[in-house]
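# Residue-level structure breakdown
So the chains spell out like this:
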Amino acid sequence: MLLVSSQKEYILKAITIKDIQLHTVYLPYLDPIETSFGVEPNKVAVLIELITDKGVTGWGEASIEIWPGYGTETAETSYHILDNFMAPAVIGKTIENPTDFPKLIRQFRGNHHTRAGIETAVWDAFAKTNDMRLTDCFAHYLPEGHASEGFATVGISIGIQPSLDATVETIKRRLDQGYQRIKLKIKQGWDVEVARAVRAALPDVMLMLDANSDYSLSD
């Protein structure tokens, strides 16, 4: 397959999956994040290390939780599905085109975070094999006009704080660190007033409010 980009010309090489190693991570957040359904003190994930027959390693992340509160998957179920089903189904397979990879695991229903994790590892290994930036690899399979702009506007999620003043100060600290988009957690009883306080203090901040399904249609 021949790819011509604005930067260089690529002759794309297929990858063959030789092995997949799984790593469960459980790391404390710098700041525990509180949402409408409780406090999350730790970052949990299953990292997928995909190794090709040429020794290239691609990484993916199944971004799940310890308990099925945010989604249906957990660290244990994700590891189980990967170890016993998805990994055996793809080891030894040759990937000519990363967009074809989902067909190899189509028979396994659900488990969307887990599925995304192993697919991401394929994309990473494919891009590295072809000496491409991952963003350029993605852009090749999208319509024209999706080439990388060379930067990303990075945002951060901020949990429920003990006061309005603490909320504003936390946002200011994150803005000073370079984050340009703010996703602010809210819940019933902690919503309109906190939004007003943030808008009054920071009228130009790019702001999103996230209640994690704490409201119904009647609200």
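Just above sits the structure.
Note that the coordinates shown come from a computational prediction; the quantities given were computed from them, not determined experimentally. (Residues numbered from 1 in each chain as written. Predicted model: local features only at pLDDT ≥ 70, side-chain atom pairs only at ≥ 80, totals over all residues. Heavy atoms only, no water.)

### Some details on the pattern of salt bridges
Under the counting rule described, the total for this entry stands at 11 salt bridges. The partner of lysine 128 in a salt bridge is aspartate 124, with the nearest N and O atoms 3.1 Å apart. With lysine 128 and aspartate 124 both in helix H2 (residues 112–129), this residue pair falls 4 residues apart, about one helical turn. With relative accessibility at 42%, the residue lysine 128 sits in the partly exposed group. (Salt bridge = Lys/Arg side-chain N within 4 Å of Asp/Glu carboxyl O. Helix = DSSP H or I, 4+ residues; strand = E, 2+ residues; numbered from the N terminus. Buried < 20%, exposed > 50% of the residue type's maximum accessible area, 1.4 Å probe, protein only.)

### Focus on a nonpolar patch on the surface
On the surface, a cluster of nonpolar side chains totalling about 350 Å² of accessible area is made up of Tyr26, Ile66 and Trp67. Mapped onto the elements, tyrosine 26 comes out in strand E3 (residues 15–35). (Patch = residues over 30% accessible without salt bridge, like charges linked within 9 Å, V, L, I, M, F, W, Y side chains within 5 Å. Areas by Shrake-Rupley, 256 points an atom, 1.4 Å probe, with all protein chains shown as cover.)

### What about the packing of helix H1 (residues 75–90) against H2?
Two numbers describe how H1 lies on H2: the axes approach to 10 Å, and their chain directions differ by 45 degrees. One finds that H1 runs oblique with respect to H2. Considering only the axes of H1 and H2, their crossing is right-handed. Contacts between H1 and H2 pair Ser78, Ile81, Leu82, Met86, Ala87 and Val90 from the former with Thr114, Arg115 and Ile118 from the latter. For the contact of H1 with H2, the class distribution of residues is 6 nonpolar, 2 polar and 1 charged. (Axes fitted to C-alpha atoms, helices over the stretch in contact; angles between N-to-C directions. Parallel < 35°, antiparallel > 145°, perpendicular 65-115°, else oblique. Left-handed = near helix turned anticlockwise from the far one by under 90°. Contact = heavy atoms within 4.5 Å. Nonpolar A, V, L, I, M, F, W, Y, C, P; charged D, E, K, R; others polar.)

### Observations regarding the packing of aromatic side chains
According to the stated counting rule, one finds 4 aromatic pairs in the structure shown. With a centroid separation of 6.2 Å and an interplanar angle of 75 degrees, the aromatic rings of phenylalanine 37 and tryptophan 67 are classed as edge-to-face. You can see phenylalanine 37 sitting in the loop between E3 and strand E4 (38–52) and its partner tryptophan 67 sitting in the loop between strand E5 (57–62) and H1, a full 30 residues away along the chain. Residue phenylalanine 37 is classed as partly exposed on the basis of its relative accessible area, which comes to 28%. Taken together through their ring pairs, the aromatic side chains of Trp123, Phe138 and Tyr141 make up a single cluster. (Phe/Tyr/Trp six-rings, centres within 6.5 Å; stacked < 30°, edge-to-face > 60°.)

### Describing the sheet that holds strand E8 (residues 181–185)
An order of E7-E8-E9 is seen for the 3 strands of this open sheet, with the pairing classed as parallel. Each edge of the open sheet carries a strand with a single partner, namely strand E7 (155–158) and strand E9 (206–210). Neighbouring strand axes in the sheet, compared pairwise and without regard to direction, differ in orientation by 20 degrees on average. (Pairing = 2+ DSSP bridges.)

### Focus on the sheet that holds strand E6 (residues 94–95)
Reading across from one edge, E5-E4-E3-E6 is the order of the 4 strands in this open sheet, with antiparallel pairing throughout. The outermost strands of the open sheet, each flanked by one partner alone, are E5 and E6. Two elements, E3 and E6, share 2 bridges in a ladder whose sense is antiparallel. Bridged to threonine 16 within E6 is threonine 94. Those strands touched by H2 are E3, E4, E5 and E6, and its axis lies near 160 degrees from that of E5.

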